[in-house]
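# Secondary and tertiary structure notes
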Amino acid sequence: MLDASDFLGIVLNSSPLVVFGERGVGKTSFLLTLAKSLIQSYQANVFMILREKFDRVPEGVRVIYASNDLFGEEYLGLVRRGFEEISKTMKNFEAGRRIAFLLDDVVPKRLLLAKFSDARLATFLPKVLFWGKILSSLMSAVFIVSTLENIRKGRPFKAKYYLKYGFNFLRVERISRIRRLCLMRFRRKKGRIVGFDKICKNAMLVEGEFIVVETE
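Here is a short report on the structure shown in this document. (Residues numbered from 1 in each chain as written. Predicted model: local features only at pLDDT ≥ 70, side-chain atom pairs only at ≥ 80, totals over all residues. Heavy atoms only, no water.)

## Considering the side chain of S136
Take S136: it is sitting in helix α5 (residues 121-139). S136 gets classed as buried once you look at its relative accessible area, which sits at 11%. Here the side chain of S136 touches S15 through a polar contact of 3.0 Å, side chain to side chain. If sequence neighbours within four positions are ignored, S136 has contacts with S15, P16 and A141. (Helix = DSSP H or I, 4+ residues; strand = E, 2+ residues; numbered from the N terminus. Buried < 20%, exposed > 50% of the residue type's maximum accessible area, 1.4 Å probe, protein only. Polar contact = N/O pair within 3.5 Å; in protein donor to acceptor, adjacent residues only side chain to side chain. Contact = heavy atoms within 4.5 Å.)

So, in structure tokens, the structure goes:
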């Protein structure tokens, strides 16, 4: 599993965070590994919205399932449900115990890859990110979403929204059997979004779980 004393701590301090990468690189496995580490190392209360059912969901994670095409008000309803559960938990939660809300594939892949952008996306995504920013800033909770990478540009689709709401970025790259996990920052420069500052770890994806193998 992830190195809780090192890289995991950096990831937690980077909330709110968007995890991005190409198809099949292991974004969902990374979130599930992170959820397991949060529970084992921080006794965290972890909530997740997943697009598909997985056999390896860590014990103790509260999961809400969404269909692959769900977004807009119906998906926001699931997010509100998660927030309600978090609010109930926080009323009774022990001092020092973390709260985490992880959303896998926050925007359906088909919508991100569509030739013409759906105008509803411009309303939907900012709402999710705004709530995540509030949850992270005011409640000291961990809020992480995952999404597809725009390979041509080397950043997530709709990166401008994540920048606007103060999100940090973690890219999952595939190099043969190795996965490279890179915490990155982006900023606008002369009207363009450019990347700078990068902290990376190498990891192996073994039976659906990330195991850090080298520090750089």
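## With respect to the packing of aromatic side chains
Two aromatic rings, taken as a pair, are described by how far apart their centres are and by the angle between their planes. Taken as a whole, this structure holds 12 aromatic pairs when the rule is applied. Geometrically, the ring pair formed by F83 and F101 is edge-to-face, given 5.7 Å between the ring centres and 70 degrees between the ring planes. Of this pair, F83 sits in helix α3 (residues 72-92) while F101 is found in strand β4 (residues 99-103), placing the two residues 18 residues apart along the sequence. With relative accessibility at 18%, the residue F83 sits in the buried group. (Phe/Tyr/Trp six-rings, centres within 6.5 Å; stacked < 30°, edge-to-face > 60°.)

## Side note on helix α2 (residues 27-42)
For an α-helix the count is 3.6 residues per turn, leaving residues at separations of three or four pointing the same way. Under the 1.5 Å per step criterion, the end-to-end length of α2 is 21 Å for 16 residues, consistent within 8% with the ideal 22 Å. Those residues of α2 lying buried are K27, T28, S29, F30, L31, L32, T33, L34, A35, S37 and L38. Following α2 by one or two positions, Q43 has its phi on the positive side, about 50 degrees. (Expected span 1.5 Å × (residues − 1).)

## Focus on α5
With 19 residues, α5 should reach 27 Å at 1.5 Å per residue; the first-to-last C-alpha distance of 26 Å fits that figure. Residues of α5 that are buried include every one of L121, F124, L125, P126, V128, L129, G132, L135 and S136, and no others. Looking one or two places after α5, you find S140, whose phi comes out positive at around 55 degrees.

## Re the pattern of salt bridges
Scanning the entire structure with this criterion turns up eight salt bridges. For K127, the salt bridge goes to E73, with nearest N and O atoms at 3.4 Å. Of this pair, K127 sits in helix α5 while E73 sits in helix α3, and the two are 54 residues apart along the sequence. For E73, a relative accessible area of 48% gives the class partly exposed. Where salt bridges share partners, they join E73, R80 and K127 into one cluster. (Salt bridge = Lys/Arg side-chain N within 4 Å of Asp/Glu carboxyl O.)

Function cannot be inferred from these measures alone, as they are strictly geometric.
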